[in-house]
Amino acid sequence: MREIPISRKSLVVLTGIVLVTVLGIWLIDSLVIHPSTVKPTPAIEEDAASLAVITGVEAFFDINYQEGKSAWLEGVCAVSSEGGCAYLASGADLLWKRFEDFQTVTRGTAVLEEQIRSGETEQVWRVSVTLSQPLPGSEKTQDEAYVLVVRVGETWLFDRFLLTEEIEAIQQNSREESSK
């Protein structure tokens, strides 16, 4: 193998070039603005509607049989539309009887998963719900729910949970749209 003679001066220049190149690459990389991982701020309307979803779901699942049905209804109705409150009140006797029979005490936490539908006066959201204790007749402490919120004047309010048939129709529409 043949040796290539390199002078000390050439070696110093070559080392300087390598160091300047490495330093330059490092500086460019550290100064380049990396894409942000922060999500854009949602529109005020969407933010108000999503807050109504969370407060409504959590109020609904804030159940303590010792406080009584009227306290529970009052808590849910405080964050609900008039129609939503009336709808809940119409079935509250049977539901509350079950809560009393099983001495239900639970709290729910809602997490927004997806906005399903959005209009000027109503929105549908899919949320995950985590309960501190399962509801009577269930072993689940986690589930998903579809929630309708409505705008009354300038305020978004919880209205109700969607029925099974409504959820199935939404899921069917989603499957049809994704297959197109």
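Here, every reference points to the structure presented above.
Keep in mind that what you see is a predicted model, and the values were worked out from it rather than measured.

1. Some thoughts on unusual backbone geometry
The phi angle at Gln103 is positive, at roughly 50°, despite the residue not being glycine. Mapped onto the secondary structure, Gln103 falls in the loop between helix H4 (82-101) and strand E2 (105-106). According to the relative accessible area criterion, Gln103 is exposed, its value standing at 52%.

2. Brief notes about the state of the cysteines
On inspection of all chains with the given rule, the structure shows one disulfide. Bridging Cys77 to Cys85, the disulfide has an S-S length of 1.9 Å. Handedness here is read from the sign of the S-S torsion; for Cys77 and Cys85, about 85°, the answer is right-handed.

3. Quick look at the sheet that holds strand E4 (residues 122-131)
A sheet is described by the order of its strands in space; here four strands give the open sequence E3-E4-E5-E6, paired in antiparallel fashion. Two strands close off the open sheet at either side, each with one partner strand: strand E3 (108-118) and strand E6 (155-161). Each strand axis lies, on average, 35° off the axis of its neighbour in the sheet, ignoring direction. Of the pairings in the sheet, the one linking strand E5 (residues 142-152) to E6 comprises six bridges and is antiparallel in character. Across the sheet, the residue bridging to Val149 is Phe158, located in E6. Running over the sheet, helix H5 (residues 164-178) touches E3, E4, E5 and E6 and is turned about 95° from E5.

Reading the values: rules and limits
Residues numbered from 1 in each chain as written. Predicted model: local features only at pLDDT ≥ 70, side-chain atom pairs only at ≥ 80, totals over all residues. Heavy atoms only, no water. Helix = DSSP H or I, 4+ residues; strand = E, 2+ residues; numbered from the N terminus. Buried < 20%, exposed > 50% of the residue type's maximum accessible area, 1.4 Å probe, protein only. Disulfide = S-S within 2.5 Å. Pairing = 2+ DSSP bridges. Axes fitted to C-alpha atoms, helices over the stretch in contact; angles between N-to-C directions. Contact = heavy atoms within 4.5 Å.

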